[in-house]
Amino acid sequence: MSSMSRARVARRIAAGAAYGGGGIGLVGAAAVGLLVAEVQMAKRHVGNGHSPFPPSANGLYGRGYEGSPLRLMMLGDSTAAGQGVHRSRQTPGALLASGLAAVAERPVELSIVALPGAQSDDLDRQVGLALEDPDQVPDVCVIMIGANDVTHRMPATRSVRHLSSAVRRLRTAGAEVVVGTCPDLGTIEPVQQPLRWLARRASRQLAAAQTIGVVEQGGRTVSLGDLLGPEFAENPRELFGPDNYHPSAEGYATAAMAVLPTVCATLGLWPAEEERPDASRREGFLPVARAAAEAASEAGTEVTAAMPTGPRGPWALLKRRRRRRLPTPDATPAPAAEPTP
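Structure report, in brief. (Residues numbered from 1 in each chain as written. Predicted model: local features only at pLDDT ≥ 70, side-chain atom pairs only at ≥ 80, totals over all residues. Heavy atoms only, no water.)

Here's the deal with the sheet that holds strand E4 (residues 140-144)
Worth spelling out the cut-off: Strand pairing is assigned whenever DSSP identifies at least 2 bridges connecting the two strands. Labels follow the DSSP assignment, with helices taken as runs of H or I lasting at least four residues and strands as runs of E lasting at least two, numbered in each case from the N terminus. Helix axes use the C-alpha atoms of the stretch in contact, all axes being lines fitted to C-alpha atoms, and the angles between their N-to-C directions lie in the range 0 to 180 degrees.
Strands sit in the order E1-E3-E2-E4-E5-E6-E8-E9-E7 across an open sheet of nine strands; the sheet is mixed. In this open sheet, the two strands that pair with only one neighbour each are strand E1 (59-61) and strand E7 (284-287). Put simply, the sheet's adjacent strands are angled 25° from each other on average, direction ignored. Pairing of E1 with strand E3 (residues 108-112) involves three bridges; the strand directions are antiparallel.

Things to note about the packing of helix H5 (residues 123-130) against helix H7 (residues 156-173)
Note the following rule: For classification purposes, an angle smaller than 35 degrees is called roughly parallel, one larger than 145 roughly antiparallel, one from 65 to 115 roughly perpendicular, and anything else oblique. Crossings are sorted by hand: turned counterclockwise from the far helix by less than a right angle, the near helix makes the crossing left-handed, and turned clockwise it makes it right-handed. Whether two residues touch is decided by their heavy atoms; if any such pair falls within 4.5 Å, the residues are in contact.
It is at 9 Å that the axes of H5 and H7 come closest, and there the two elements cross at 10°. As far as their axial angle goes, H7 and H5 are roughly parallel. Relative to H7, the crossing made by H5 is right-handed. Seen from H5, the contacting residues are Leu123, Asp124, Val127, Gly128 and Ala130; seen from H7, they are His162, Leu163, Ala166, Arg169 and Leu170.

Some points on the pairing of E3
Stated precisely, the cut-off is as follows: Remark: exposure states derive from per-residue accessible area (1.4 Å probe, protein chains only) relative to the maximum for the residue type, with buried under 20%, exposed over 50%, and partly exposed in between.
Judged by which residues are buried, E3 turns out to be one-sided: Val108, Leu110 and Ile112 face inward and are buried, whereas Glu109 and Ser111, on the alternate face, are not. As paired strands, strand E2 (residues 70-76) and E3 are joined by five bridges and run parallel to one another. By the bridge assignment for E3, Leu72 is matched with Leu110.

Points about unusual backbone geometry
Even without being glycine, Glu105 reaches a positive phi, approximately 55°. Backbone geometry at Arg282 places phi at a positive 60°, although glycine is not the residue there. Structurally, Arg282 is set in the loop between helix H10 (249-266) and E7. Given a relative accessible area of 53%, Arg282 falls into the exposed group.

Digging into H7
Stated precisely, the cut-off is as follows: Expected span of a helix: the number of residues minus one, times 1.5 Å.
For H7, which comprises 18 residues, the first-to-last C-alpha distance of 26 Å matches the rise-based estimate of 26 Å (1.5 Å per residue) to within 8%. The positive-phi residue at the C-terminal boundary of H7 is Gly174, with phi of around 110°.

Regarding H10
Convention followed: For a residue, the bend is simply the angle between two axes, fitted respectively to the seven-residue segment ending there and the seven-residue segment starting there.
Under the 1.5 Å per step criterion, the end-to-end length of H10 is 25 Å for 18 residues, consistent within 8% with the ideal 26 Å. Along H10, the sharpest change in direction is near 30° and occurs at Val259; proline Pro261 comes one to four residues later. Within H10, 13 of the 18 residues are buried, which leaves the element mostly enclosed by the surrounding structure. Taken from the residues just after H10, Gly268 is the one with a positive phi, measuring 75°.

Shape descriptors only; they carry no functional weight alone.
What follows is the structure, encoded as structure tokens:
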């Protein structure tokens, strides 16, 4: 599918989410039966992997720095929670908290309300937990969601509606929001055609529509795309495990490295010269739907709101930020705890 076609589909999904439409699915109705059959075959082929609850990474990072702590909150599914690794320092939350502390030279208080297996309709509950104390509103929230929406065939309009609502509530409360959009599930090597093609199409459509919904509510997105593809290939049995999505420690580090620059930028901590679009990196201002479609096709791409409107609707700034090496987390996290369903 071309980027222009993907932009049109993403616009239609986002419009349906905004105006109450509910009938636009991630794949055509005629393909659903085939997709279900292929998923069952894939389950038998790759097995039914199992991982324990993710290690708790809640805690204070950057203890050697002075000043009041920045508050970082992780929301979403098992990707945000860090399921599949054995050490808290390997989770994306710990990596982001440590990286943010190093850039800001301030301590960072990390809280995780993400739930393995969660779909976008769980975000309402998670946001409620994030905003439970009005005096402790997070400075920045990172949301990673979407893979389970695809594998459970949640209608894309419904998925985007829940995500947009969550971003709106967090932004209204004063928190910055960065969303890691749906990863490209078509990168899983053991999954055969036509499921791989359908999974890629569905996940990229959802990622593009998520981008439109998030940007319109004042958040920023970072495309995870195929960043985790090699990790899925090395750990195929985890894809269709209890929560459908278990990257390795290296996969989480790759995702965190892609998200960290945007997290820092939302707080005004990234170098000012890198906030200007760089034509040599194919950065620039685009209609939001086209920016969303391009980002869905290229991992590590950021999209943020730009001009309020233009001849072709809202516009956005598309950036491909340079990544920086992540420092080793130095927190002593809270004792491990099982997430509450």
